[in-house]
Amino acid sequence: MLSIEKNELLTKVGPGTPTGELMRRYWHPIAAAGELLEKPTKPVRLLGEDLVLYKDKSGTLGLIDRFCPHRRVDLTYGIPEENGLRCMYHGWMMDETGQCIEQPFEETVRPDGRFKEKVKIAGYPVEELGGLIFAYMGPQPAPLLPRWEQLTYDNAIRDIAITELPCNWLQAQENSVDPVHTEWLHFYYGNYVRRGLAMAPESQPKTIKIAFDAFEYGIVKRRLQQGFPEDGEDWAKGHPIMFPNILFVGDQVRTTTQWRVPIDDENTYHVSYYVYRPAPGHQAPHQEVAAYRYTPLYEPDGRFFTGITFNQDYMCWVTQGAIAQRDKEMLGESDVGLILFRKMVEQQAQIVEDGGDPINTFRDPAIAGYIELPMESVKHGIKPDGKYRPGEGGNSPIVPDIEKVLQTWVENIPVEARPQNEYLF
C-alpha cells in the first residue's frame, strides 16, 4: 500500500505539484489531426489547464489559453484567420504564442497605442506527427518531440481510438505493468461477456512467471504462460512501457500504442494508436490522414460497454474511483511491476525538482529522430507445441492483403465504436 501523502504525490498533476511538473517535461497527444480538418478549433483540457487548439488559415497550429484576455469569452468559438485566432466578441486576435496581435477598436481610436503588446495569454508548442497532434507545456527550451518508430512508418494504415476516462492517469498507466490481469479480465471475463459462460478450466491461460527490466526508455514487461517456451518472444523479448505514460505492443502486422494523458487530477485522455503494415513488397492503401474515432464508455443502460478488449480495462480503471485509494491496497507477488513503476515516477519527479531532465526528454536529433523499440515479431503467435500458426492467437507477419485484414477488423468493431470519418481507406 501507499500512504495518502505518497498517493497524492504520484497522482496530482496541477502546476507546482511534483508529478505535474514531471508531466510538463513531455510531449502529449491532444487530438487526432483529422479533427482539425473538420473543425479548426477544439477545446482541450490538459494538466489542469483549459486551452483551445486551433489551425489558422496558413496551416499553423496553436494551443493557447481558452479564454480571451479581454472579456473572458471561450475562444473555442473563435475564428481562425491567416495568422492567428480572432475572438468573435470584439475581434481581438492572438497568435500561436498567445500574443495579442490585433485589437481593432483600440487601434482605431489610438493608432499609436501599444496596448496589444502588453496583452499575452498562455501559448504552448504543438507539433503534428503520425496523424496525432502533440503539445508540450513545460519550460523552454522544449525537448524534441520523440519520433517513436510506430509514428514514422511510411507504408501503413493508422487508426486512432480516443476515450475520455473519469479517473486519474496513474491507474490507467499502472495497468501496463500488470501482466496477470490479461488471463482473467480479457480471457476469462471477456469470454463471459461474449457468451455468458465462464471458460473451461483447461482452456484458461495461466501465467507462471513475470519479469520487469528497466531499460533506457522505461520498463520492458515479460510474461511466461504455461505451455509456452522460455525462448518464445513473450518471455525472452517482451514489450516496452515508455516512461511516463506510454505502452507499446504488437507484431509485424499491427502495433498498438497507448498514451494515458492527464486531463486533470480526476480525468484522463486515452489514446489507442493502431498501425497496420503489409508484408514486404506490398503497398498499404493510401490514407490522407489517420482515421480517428471516439470509443464509448457506457451502454444505453449506463453499464460499462465491455464489448472491446480495451474497454474492459477502462471499466477496471474507472471503477477504482476518480483517484484510487492506494492506502487501502493489499499488494501481492503479481504487483512487482506496479512497485517498480511507482518508484520510477517518484525518482524522476525528484530529478525534475533538482533541475535535471527526466528520462525520455530528448535534445539530440540523432536520437529523437527515430527511436526503435523492443517488440515481439509475432505477438502470442508461438503455440505450446513450439510452432507458429498464422491467424491463431496472433497476426501473421506474412499477410499480404492488408485491406482484407482491415475489413475484418472493422467488421469486428461494434457499430457505435467504428471510425467516424472517411479516412480509414
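For the structure, see preceding data.
Attention here is on the structure that accompanies the text.

What counts as what
- Residues numbered from 1 in each chain as written.
- Predicted model: local features only at pLDDT ≥ 70, side-chain atom pairs only at ≥ 80, totals over all residues.
- Heavy atoms only, no water.
- Helix = DSSP H or I, 4+ residues; strand = E, 2+ residues; numbered from the N terminus.
- Pairing = 2+ DSSP bridges.
- Core = buried A, V, L, I, M, F, W, Y, C linked by side-chain atoms within 4.5 Å.
- Buried < 20%, exposed > 50% of the residue type's maximum accessible area, 1.4 Å probe, protein only.
- Contact = heavy atoms within 4.5 Å.
- Axes fitted to C-alpha atoms, helices over the stretch in contact; angles between N-to-C directions.
- Parallel < 35°, antiparallel > 145°, perpendicular 65-115°, else oblique.
- Left-handed = near helix turned anticlockwise from the far one by under 90°.

A negative phi angle is the norm for most residues apart from glycine, just as the trans form is the norm for most peptide bonds. A cis geometry characterises the amide bond from Gln-140 onward to Pro-141, with omega recorded as 0 degrees. Relative to the assigned elements, Pro-141 resides in the loop between β11 (132-136) and β12 (157-165). Residue Pro-244 is bonded to the preceding Phe-243 through a cis peptide linkage, with omega at 5 degrees. Mapped onto the fold, Pro-244 is located in the loop between β15 (239-242) and β16 (246-250). Even without being glycine, Asn-360 reaches a positive phi, approximately 70 degrees.

What holds strands together in a sheet is hydrogen bonding between their backbones, with the strands either parallel or antiparallel. The antiparallel open sheet is built from 4 strands, whose spatial order is β2-β3-β4-β9. Two strands close off the open sheet at either side, each with one partner strand: β2 (41-46) and β9 (123-124). Sheet topology note: the β2/strand β3 (residues 49-55) ladder contains 6 bridges and is antiparallel. Residue Thr-41 lies in a different strand from β3, and its bridge partner there is Tyr-54.

For the rest of this paragraph, the subject is the nonpolar core. The biggest cluster of nonpolar side chains holds 69 residues, and the ones touching the most others in it are Ile-30, Leu-46, Leu-53, Leu-63, Trp-148, Ile-160 and Trp-259. In contact with Ile-30, other than residues within four places in its own chain, are Lys-42, Val-44, Leu-46, Leu-53, Leu-63, Val-126, Ile-133, Ala-135 and Tyr-269.

Running from amino to carboxyl end, helix α6 (residues 181-195) crosses helix α8 (residues 309-318) at an angle of 115 degrees, the nearest separation of the two axes being 10 Å. By the angle between their axes, α6 is roughly perpendicular relative to α8. The interaxial crossing formed by α6 with α8 has right-handed handedness. Of α8, the residues touching α6 (which contributes His-181, Leu-185, His-186, Tyr-189 and Gly-190) are Thr-309, Gln-312, Asp-313, Met-315 and Cys-316.

That is the geometry; function is a separate question.
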